Amino acid sequence: MQTLWLEEGSLRLRQDIPLPVPGLDEALIKVRLAGICATDLEMVRGYYPFKGILGHEFVGEVVQAPGHTNWIGQRVVGEINITCGQCHNCKSGRRTHCEQRTTLGIRDRNGAFAEYLTLPVENLHSVPASISDEAAVFTEPLAAALEISQQIHIHPGDHVLVVGAGRLGQIIAQTLTLTGCQLNVVVRHALHQKLLAEQGITTIIEEEVAARQWDIVVEATGSPSGFDLARRALRPRGTLVLKSTYKGNMEVNFSSLVVDEICLVGSRCGPFPPALNLLQRGLVQPARLISERFPFARAQSAFERAAQPGVLKVLLQFQNDPV
């Protein structure tokens, strides 16, 4: 099958990778669309040591499911953490922190930048017919955005700042508006500002961010400068949500976190059913964020495009032959 292979920081198209074989309680999924996200770009830059097929944002169709034939033909999205179900974290309800987990296209498991992938049936979610492929491919990042409101309670009167209006920041902003909070988003690019303004979301530039005034700040840039701005904006006893990862080590003044009694929240994967529910009801519109789509044969060009400043979601389109 055709794949986009990462090895030693280099991406290349390969056609010699065998079709994956689904194990017991797994499904073979024909990928229809896959999205390139910031994590994929960072993986190429060496954020995490990985050799194999990248990609974890996808929508596809089940073509094989040994023992679970009811799934065959269904259009699906899939949760990206494959867990053991037996370790302490799994049994305690923290399956995304499974001690033995693999992660689609990120950790010890080939991902979605290929014609086909496999996932456990328990990871799959059927996509309602009313949700387009272009919307469904955003289910994973939308679920990640919704994880914020799973972790902290956001009141309508809270002053909330999102630092970063890129791929994930835009989706976070759409979900936070549903809480009724007093939301502002820090923007750098005119297109990002335009997309948010069209949805009635208030934007500001970095120089307009008032210091020590915000109840909750979500950092979604993954850069030290973004973290510094988020920290300066937060009031004493405020909550700082870290929604992106950072390559390498970063200097942080932990004394100031103690003195100001800051609540620091790391936030990662989130719930798929609420994400699909919002998509079905049209309460979020992530497909507006699609900058461009590329045929899979031009996947390397797609990555180059996705890495350019200001570009939002770049999609890979697959043309699969039947298995």
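Use the structure listed above.
Please read these numbers as outputs of a predicted model, since none were measured by experiment.

### Regarding the pattern of salt bridges
When charged atoms on two side chains of opposite charge get close, those side chains can pair. According to the stated counting rule, one finds 18 salt bridges in the structure shown. A salt bridge links Arg212 to Asp260, with the nearest nitrogen and oxygen atoms 2.9 Å apart. Of this pair, Arg212 sits in the loop between strand E13 (202-204) and strand E14 (214-219) while Asp260 is found in the loop between helix H8 (254-259) and strand E16 (263-266), placing the two residues 48 residues apart along the sequence. Close ionic contact of Glu292 with Arg305 constitutes a salt bridge, the shortest N to O distance being 3.0 Å. Note that Glu292 is positioned in strand E17 (residues 290-295) and Arg305 in helix H10 (residues 299-306), a separation of 13 residues in sequence. Relative accessible area serves as the criterion here: at 30%, Glu292 is assigned to the partly exposed category.

### Digging into the nonpolar core
Residues Ile29, Ile36, Phe113 and Leu316 are the most contacted members of the largest nonpolar core, which totals 45 residues. Secondary structure elements with two or more residues in this core: strand E1 (3-7), strand E3 (26-36), helix H1 (38-44), strand E5 (57-64), strand E9 (116-120), H10 and strand E18 (313-317). With 6 residues, the top contributor of residues to this core is E3.

### A word on the packing of helix H4 (residues 139-151) against helix H9 (residues 272-281)
Axis separation between H4 and H9 bottoms out at 8 Å; the angle between their running directions is 110°. When the interaxial angle is binned, H4 and H9 end up roughly perpendicular. Between H4 and H9, the contacting residues are Thr139, Glu140, Leu142, Ala143 and Leu146 on the first element and Phe272, Pro274, Ala275, Leu276, Leu278 and Leu279 on the second. A class-by-class count of the residues in the contact of H4 with H9 yields 9 nonpolar, 1 polar and 1 charged.

### Topic: the pairing of E16
In the sheet, strand E15 (residues 234-242) pairs with E16 via 4 bridges, with the strands oriented parallel. For Thr239, the partnering residue across the bridge sits in E16 and is Cys263. On the question of chirality, the crossover connecting E15 to the parallel E16 by way of H8 is right-handed.

### Structural notes on the sheet that holds strand E4 (residues 52-53)
Across the sheet, which stays open at both edges, the 3 strands sit in the order E2-E1-E4 with antiparallel pairing between neighbours. The two strands at the open ends of the sheet, each matched to only one other strand, are strand E2 (10-14) and E4. Each of E1 and E2 is contacted by H10, which is oriented at about 150° to E2, the strand it contacts most.

Rules of the game
Residues numbered from 1 in each chain as written. Predicted model: local features only at pLDDT ≥ 70, side-chain atom pairs only at ≥ 80, totals over all residues. Heavy atoms only, no water. Salt bridge = Lys/Arg side-chain N within 4 Å of Asp/Glu carboxyl O. Helix = DSSP H or I, 4+ residues; strand = E, 2+ residues; numbered from the N terminus. Buried < 20%, exposed > 50% of the residue type's maximum accessible area, 1.4 Å probe, protein only. Core = buried A, V, L, I, M, F, W, Y, C linked by side-chain atoms within 4.5 Å. Axes fitted to C-alpha atoms, helices over the stretch in contact; angles between N-to-C directions. Parallel < 35°, antiparallel > 145°, perpendicular 65-115°, else oblique. Contact = heavy atoms within 4.5 Å. Nonpolar A, V, L, I, M, F, W, Y, C, P; charged D, E, K, R; others polar. Pairing = 2+ DSSP bridges. Right-handed = clockwise from strand over helix to strand, strands pointing away.

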